[in-house]
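Single-letter residue listing:
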Amino acid sequence: MISLLQDSQGFIRMKRHFPSGVDIHITFTDGTQEILSGQQLNEAYDKALADYRAGNHLDAKGFSRGPQKKVQQGIEYVPVKPGMGT
């Protein structure tokens with residue numbers, strides 16, 4: 001089991017996918033706790049990554065089709081909230 005803490009802005013640190021079958025224990029800032037599967041958090045990660053890419057005008061693979069400039073290719077923090085597992 002992996003244990004994570006939500007930060008004060010409502011995010012957990014997640015640089016990559018977790019194994020789908022692993023249980024992840026999240027403690028939220030309001031004191032509630034929840035156990036989510038790796039698959040549930042991977043879906044949240046994929047959504048956050050898609051939102052990031054759309055907001056920064058990147059294509060589905062993370063490449064910029066505009067003028068060349070340095071753009072961060074990935075994300076490190078994923079938003080979470082109590083009740084995600086239901």
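Before any of the text, the structure's been laid out above.
The rules behind the values
- Residues numbered from 1 in each chain as written.
- Predicted model: local features only at pLDDT ≥ 70, side-chain atom pairs only at ≥ 80, totals over all residues.
- Heavy atoms only, no water.
- Helix = DSSP H or I, 4+ residues; strand = E, 2+ residues; numbered from the N terminus.
- Contact = heavy atoms within 4.5 Å.
- Areas by Shrake-Rupley, 256 points an atom, 1.4 Å probe, with all protein chains shown as cover.
- Pairing = 2+ DSSP bridges.
- Axes fitted to C-alpha atoms, helices over the stretch in contact; angles between N-to-C directions.

### Brief notes about the overall build of the protein
For the protein, the count of helices and strands is 1 helix and 5 strands. When the helices and strands of the protein are read in sequence order from the N terminus, they spell out β-β-β-β-α-β. Intrachain contacts of the protein at a sequence separation of at least 6 include 47% that bridge at least 24 residues. Here the protein has roughly 5800 Å² of accessible surface; of this, 54% comes from carbon and sulfur atoms.

### Looking at the sheet that holds strand S1 (residues 2-5)
The strand order across the open sheet formed by 3 strands is S1-S3-S4, and the pairing between neighbours is mixed. For this open sheet the edge positions go to S1 and strand S4 (33-37), each flanked by a neighbour on one side alone. Averaged over all adjacent pairs, the angle separating strand axes in this sheet is 25°, with direction ignored. Bridge count for S1 against strand S3 (residues 23-27) is 4 bridges, and the pairing is parallel. Each residue of the ladder has a partner; that of Leu5, found in S3, is Thr27. Along the sheet, helix H1 (residues 38-55) contacts S1, S3 and S4; its crossing angle with S4, the most-contacted strand, is approximately 85°.

### Brief notes about the environment of Asn42
Within the element layout of this structure, Asn42 appears in helix H1. Residues Asn42 and Pro19 lie 23 residues apart in sequence; the distance between their C-alpha atoms is 8.5 Å. Residues in contact with Asn42, not counting those within four places in the same chain, are Met14, His17, Phe18 and Ser20.

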